[in-house]
Structures are given as C-alpha cells and as structure tokens.
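For reference, the chains in residue letters:
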Amino acid sequence: MDLMFRNIGLLTVITTLLVLIKKRYDWVGLQQEGCYENCDVYKAADRFANGASPEEVRAILTDSFEFDPKGTEQILARALPRRMEPDGGHQAFIQAVNQVLGEDIYRS
C-alpha cells in the first residue's frame, strides 16, 4: 500500500513539474514574439528625437509594412509640434504611431 501512495505522489510531482516547465516555455515564447513590433518604428523615433528631417523619418516609415503614406503623414503631423520636448519628441512619436495603429503596440 505504501508503494502505491509513493508512486502516485511521485507521478503527481513529475506531472506538476512538466506542466510548470511547459508554461514557462510558453511564456518565454510569447515574450520573444514581442507582439509583432517593428524595429523600424523605434529607429524612426530615435532619428526623429535626434533631429532628423521629416523626409528621412518618412522614408524609414514608408519602408515599414504597417503604414501607408497617409498613416506616415498622420504620425508626422501629430509628432512634429511636440519635437521641442526634453526627450526630442520620442515619446510623442511613439504615441502618434500607436494612435494611427489604433492600439498600444509600441512603448517609449
């Protein structure tokens, strides 16, 4: 009888460990996906904050798969007035991108 309880307990511990390991792998996989963020957006935001011309920023965003020319113009129109903020308008640029996309994908 003791052998049966020991085997059941051992099986329960192993099953619990396997479930926890699988959950951890799933969590790590989701973190690596990054919610389909596009690195070009961050590159454009950095260039914008460092004083690049709107044409240069527009060229970076035009190469992105997420934005059409109208979306690119909306981003620049919303971010340019706040370019003189202490961070160079980086946060305003990211907020404008999120507003154009309609959801908070990017973080500043």
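Computed from a predicted structure; not experimentally measured.

> What should I look at first to understand the pattern of salt bridges in this one?
Oppositely charged side chains are able to pair whenever their charged atoms sit close together. Following the criterion strictly, the structure yields 5 salt bridges and no others. Here Lys22 ties to Asp26 by a salt bridge, and the two come within 2.8 Å at their closest N and O atoms. Placement of both Lys22 and Asp26 in helix H1 (residues 2-33) is noted, with a separation of 4 residues, approximately one turn of the helix. Given the relative accessible area of 40%, Asp26 is considered partly exposed.

> How should I be thinking about the packing of aromatic side chains in this particular structure?
Geometry of an aromatic ring pair is reported as the spacing of the ring centres plus the angle between the planes. For the coordinates displayed, the defined rule picks out 2 aromatic pairs. Here the aromatic rings of Tyr42 and Tyr106 are separated by 5.5 Å at their centres, their planes lie at 80 degrees, and the arrangement is edge-to-face. Taken as a pair, Tyr42 in helix H2 (residues 39-49) and Tyr106 in the segment after helix H5 (90-101) lie far apart in primary sequence, 64 residues in all. The ring of Phe48 carries Arg83 above its face, with NZ or CZ at 4.4 Å from the centroid.

> Can you help me understand the side chain of Thr72 in this one?
Turning to its location among the elements, Thr72 is positioned in helix H4 (residues 69-79). According to the relative accessible area criterion, Thr72 is buried, its value standing at 1%. Leaving out residues up to four positions away in the same chain, Thr72 has contacts with Arg58, Leu61, Thr62 and Phe67.

> Looking at this structure, how should I read the packing of H2 against H5?
A pair of packed helices can be characterised by two numbers: the angle between their axes and the separation between those axes. Where H2 contacts H5, the axes come no closer than 8 Å and their chain directions differ by 145 degrees. As H2 packs across H5, the resulting crossing turns out to be right-handed. In contact with Val41, Tyr42, Ala44, Ala45, Asp46, Phe48 and Ala49 of H2, H5 contributes His90, Phe93, Ile94 and Val97.

> Please clarify how the nonpolar core should be interpreted in this entry.
Side chains that are nonpolar tend, in soluble globular proteins, to be buried together. By size, the foremost hydrophobic cluster in this structure holds 18 residues, and its most contacted members are Val57, Leu61, Ile75, Phe93 and Val97. Mapped onto this core, the elements with two or more residues apiece are H2, helix H3 (54-62), H4 and H5. In this structure, Leu61 is in contact with Ala44, Phe67, Thr72, Ile75 and Phe93, ignoring residues within four places of it in sequence.

> For this particular structure, what's the right way to read the environment of Gly89?
Locating Gly89 in the fold gives a position in the loop between H4 and H5. Once the C-alpha coordinates of Gly89 and Phe65 are considered, the two residues, 24 residues apart in sequence, prove to be 23 Å apart. If near-sequence neighbours (up to four positions away) are discounted, Gly89 is found in contact with Phe48, Arg82 and Arg83.

About the criteria used
- Residues numbered from 1 in each chain as written.
- Predicted model: local features only at pLDDT ≥ 70, side-chain atom pairs only at ≥ 80, totals over all residues.
- Heavy atoms only, no water.
- Salt bridge = Lys/Arg side-chain N within 4 Å of Asp/Glu carboxyl O.
- Helix = DSSP H or I, 4+ residues; strand = E, 2+ residues; numbered from the N terminus.
- Buried < 20%, exposed > 50% of the residue type's maximum accessible area, 1.4 Å probe, protein only.
- Phe/Tyr/Trp six-rings, centres within 6.5 Å; stacked < 30°, edge-to-face > 60°.
- Lys NZ or Arg CZ within 6 Å of the ring centre and 35° of its normal.
- Contact = heavy atoms within 4.5 Å.
- Axes fitted to C-alpha atoms, helices over the stretch in contact; angles between N-to-C directions.
- Left-handed = near helix turned anticlockwise from the far one by under 90°.
- Core = buried A, V, L, I, M, F, W, Y, C linked by side-chain atoms within 4.5 Å.

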